[in-house]
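Breakdown of the fold
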Amino acid sequence: MDAKIREKMQQIAGKDNVLWKDTDLQVYSYDAGLDKGKAGLVVFPSDAQQVAEIVKVLYENGLSYVARGSGTNLTGGTIPLNGGTVIEISRMNRILEMDLANERVIVEPGIFNLTLQNALAEKGYYYAPDPASQKVSTLGGNVGENSGGPHCLKYGVTSNHVLGAEVVLPNGEITWIGSKSLDAPGPDIMGLLVGSEGTLGIATKIVCRIMRQPERVVTMLAVFKEIEAAGQTVSDIIADGIIPATLEIMDNVVIRAVEASVHAGYPIDAEAVLIIELDGLTDGMDEQMKRIVEICEQDGAVSHRMAKDANERNELWMGRRNAFGAVARVRPAYLVCDGTVPRTELPKALAAVKAISKKYNLAIGNVFHAGDGNLHPLIMFDDRDPDELARVQKAGSEILKACADLGGTISGEHGIGIEKLSDMKFIFTDADINMMRGISLAIDPKGLCNTGKLIPRKEMAN
Amino acid sequence: MTTNGLIKGVKSVEALESVGVRVKHVEQPSKESEAKDVLAKASREKLVVFPVGGGTSIATGVLPENVDIALDTTKMNAVASFDSSNLNMTVQAGMTIGAINEYLAGYGKGFRIPLDPPFSDQATIGGVYAANSSGPSRLRFGSVRDQVLGVQALDALGAEVKFGGRVVKNVSGYDMTKFFIGSAGSLCLITSVIMRVYPMPGATAVCDGTFTKLDDLERFLETLRGSFLLPSGVVVESVNGAYHVIAGFEDHPLAILRESRDFLDMARKYGGNGSSKDGRQALREAFRNAIEPVEEGVSVKITVPISKGPRVMEAAKKLLPQSKAVLYAGNGVICVYASRIAADDIKELKGLTDSVNGYVVPVRLHRTILSSWGPRVDQTLNKYVLQPIKRQLDPSGVFPPVL
């Protein structure tokens, strides 16, 4: 990176808040996906004004940049391309306002999801989106990716819970979108910004909707001999008119990995386990749980275990939350696919994953937000083997094609990033992509803001 | 195309003319291909097209003085698909909310969409989406932004575009499905909408309570919000100096018993006399009577932070004593209906909301009032986001201007 630009960044953010040495830059050149990039500079701003000044310098000099939180993105969305600048927002991590009377909080983008949850829990409130990465993923990153999580089945994803933001636009201007009040006039720009993967601006303050904690939470684990039966149970519970807070399935490959890793108490000979959680009023909950147990048994559950207290509940969840990390015990690396299908198509989607696993001779474990039809096949491999890596990439793309062909889509919660650019054609026409490209051109005419992500280049769209 | 310029007696045209928009021609396509032809022609001949559904929120966007073609969607009113297993449906934009719910109620054990904006029998799903209209049930179920999964539309040249889909979780590309909400026909013509569908609840009840003091009402609402109860909607109407609260509950039968009992106990604690009634029909009627005016007139929507709702509603009622002012409590949304709202009244209402970061949104108002409204969105946002998007998506101005 040009020394003059570096000096300007040091003037804006302070000398100690700019990294430029090769060894430092390496750390910011990858994320949790498979792709790698190359950072030219890393800057750590401490407020919106600094972010705006940094962006202005880059805009005036035609230099690309990417805003980055903890780098937990799974599709290469937060890696810098072509020596771009990383605007690292982790130092902007305060809760600015906790307005319980209006059920809103205003936070800076670098706060961890779990830090916010813990602060709210002390007051009897919570913020619904709970991605598995919540211990370290930032709210800014959650907004960029429109993150989900197990509890989104009942309560919706990030875009349903983020109502406003202070944003630094790609030309360095600061503006507000939305507020604590609902229904800002005009098109839903906040809805557009959430999930835009940092390509339309950088959120520097975020207004979140919070909710009162439920009176009671009940969690159970149902054990199945066949994964199809677990999938059927999910459809039957919802068809019965019960919308649980979560419905999460793990297959035998993942169960074994989890048990070897965190000992969550899952039976290792089970083909699938289903975590079911109900929340809400105490009245009627036992009856609903009884009905759910009946449905599980009708559909072939071999056993079930009800969490007796918060400890047992945490134990059941510990396995699910650590599932991705646990599979690293099986092979050195893994690719998390993220496709979604209509719930009733889950058996077909799983059959397709099985066939693809066989075709490419790859071990694949399955974890999924079954209530949402959101699959996360985990393709396990050795990233030092180029042939295996190539097969993994092909298999990942074929799984997403299968999801699209079943009436679903290529990303439920991890975004497009770089990894899925060429898969966009599975679900969008040229006209659709051109309209999205028009949005990007309108707001970021120089194409500097996380450029190269989310929207495929023209030749890739065909 | 059906009417070929015969515009007398067409409701959408009457709605536009009632707010001061002159319409030269109306088209009522019954198929997407017909709508496509209208837009292709408009684009070629540089005509201004105004998309319109039931006309119940006609003034949400920008009202041009002259419209070449009113593109009335009400004949595109079929259910394209209903997937009862996956709980979603695709409906054409011109189908009314009332008709959708009638269709769903008669299917199997009964289903519904939890959208209940004012004038549900006239308001089309495309219009509700484009105007971001909502009703009391948004408290529990959210608004269109929480219920719409996907959208099909025609761009300014008549090309088909499709975003979102039939799945709840979807972060594939920009969320255009959300972005078009509230765009009021300024960016594209909505032709179909994919919605979430819900089974009928196990039980339903409607409770009410009347409070004579604003302080009591506020403390009651605060207690209700802080409780574990989960009302589907809470509406407050200011009537003859008293405050009438209606709350709906849709849940497991045992939960309903508890919620009704606790609601009435809470109301009594703050001096409110109340009663409760079971049944879905009772709830629907109570909400409808509360949120719809007796006579059609003009209307605005005010949104403020939740806790400010009762005071702002009261202030709006004082400013316009003959009006009907209704608060969707828990959401901070206030609907104000009156026979007349003057430009000075708008200024006063904006004064009430500006200090609390709220908004006043026109719903049905004459275009002369809108022309003196002033900026409706932040100027930086308008200059660097909204207007550039409009230029990209509709360069020749086929659709009405964006805010």
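Along every chain, residues carry numbers that run from 1 in the direction the sequence is written. Chain A is the first chain written and ligand 1 is the first ligand written, with later ones labelled in order. Under the rules for a predicted model, residues below a pLDDT of 70 receive no local features and side-chain atom pairs below 80 are neither given nor counted, while totals for whole chains, interfaces and linings still include all residues. Only hydrogens and water are set aside; all other atoms, that is, all heavy atoms of the structure, feed into the side-chain values.

1. As for the overall build of chain A
Operational definition: Put simply, DSSP H or I for four residues or longer makes a helix, DSSP E for two residues or longer makes a strand, and each gets a number counted from the N terminus. For a compact globule the rule gives 2.2 Å times the number of residues to the power 0.38, and the radius of gyration it is set against comes from C-alpha atoms. Note on classification: 1.4 Å probe, protein chains only; a residue is buried when its accessible area is under 20% of the maximum for its type, exposed when over 50%, partly exposed between these limits.
Across its full length, chain A carries 16 helices and 19 strands. In terms of C-alpha radius of gyration, chain A reaches 22 Å, essentially the compact-globule figure of 23 Å for 462 residues. Its C-alpha atoms give chain A principal-axis dimensions of roughly 70 × 55 × 40 Å. Scored against the burial criterion, the 462 residues of chain A give a buried share of 61%.

2. Some words on the sheet that holds strand 14 (residues 273-278) of chain B
Hydrogen bonding along the main chain pairs the strands of a sheet, whether they run parallel or antiparallel. Residue and element names in this part refer to chain B. Heads up, the rule is: A pair of strands counts as paired when DSSP detects no fewer than two bridges linking them. Angles run from 0 to 180 degrees between N-to-C directions of axes, and those axes are lines fitted to C-alpha atoms, restricted for helices to the stretch in contact. Contacts are residue-level and defined by heavy atoms, with any inter-residue pair within 4.5 Å sufficient.
Read across the open sheet, the eight strands follow the order 14-11-13-12-16-17-15-18; overall the sheet is antiparallel. Each edge of the open sheet is held by one strand with a lone partner, namely strand 14 and strand 18 (359-364). Across the sheet, the mean angle separating the axes of adjacent strands is 20° when strand polarity is ignored. Examined bridge by bridge, strand 12 (residues 233-239) and strand 13 (residues 242-251) share seven bridges and lie antiparallel to one another. Across the sheet, the residue bridging to V234 is A247, located in strand 13. In the packing of helix 12 (residues 343-354) onto the sheet, contacts are made with strand 15 (298-303) and strand 18, and the angle to strand 15 comes to roughly 15°.

3. Considerations on the packing of aromatic side chains
Condition: Two rings belonging to Phe, Tyr or Trp (six-membered ring only in the last case) form a pair when the distance between their centres is within 6.5 Å. Interplanar angles under 30 degrees mark stacking, angles over 60 mark edge-to-face geometry, and anything in between is tilted. Charge-over-ring placement is defined geometrically: NZ (Lys) or CZ (Arg) within 6 Å of the ring centre, and within 35 degrees of the ring normal.
Using the criterion set out here, one finds 16 aromatic pairs over all chains in the structure. Arranged with centres 5.3 Å apart and planes meeting at 75°, the rings of F82 of chain B and F111 of chain B form a pair that is edge-to-face. Of this pair, F82 of chain B sits in strand 4 (residues 79-83) while F111 of chain B is found in strand 6 (residues 111-112), placing the two residues 29 residues apart along the sequence. Each member of the pair F82 of chain B and F111 of chain B is classed as buried. Ring-pair connections join several aromatic residues into one group, and the members of that group are F428 of chain A together with F163, F179 and F180 of chain B. Sitting above the plane of the W20 of chain A ring, K21 of chain A keeps its charged end 5.9 Å from the centroid. Cation over ring: R91 of chain A sits above F44 of chain A, and NZ or CZ is 4.4 Å from the ring centre.

4. Observations regarding the interface of chain A and chain B
What counts here: Note: buried area is the sum, over both parts, of the accessible area (probe 1.4 Å) each one loses when the two are combined. Any carboxyl oxygen of Asp or Glu within 4 Å of a side-chain nitrogen of Lys or Arg constitutes a salt bridge here.
Each side of the interface is counted separately: chain A has 89 residues, and chain B has 71 residues. Between chain A and chain B, a total of about 6500 Å² is buried, with carbon and sulfur atoms accounting for 60% of that surface. Ranking the residues of chain A by area buried against chain B places D183, P185 and M435 of chain A at the top, with a combined share of 11%. Across the chain A-chain B interface, the total number found is eight salt bridges. The partner of E103 of chain A in a salt bridge is R225 of chain B, with the nearest N and O atoms 3.8 Å apart.

Geometry only, nothing functional implied.
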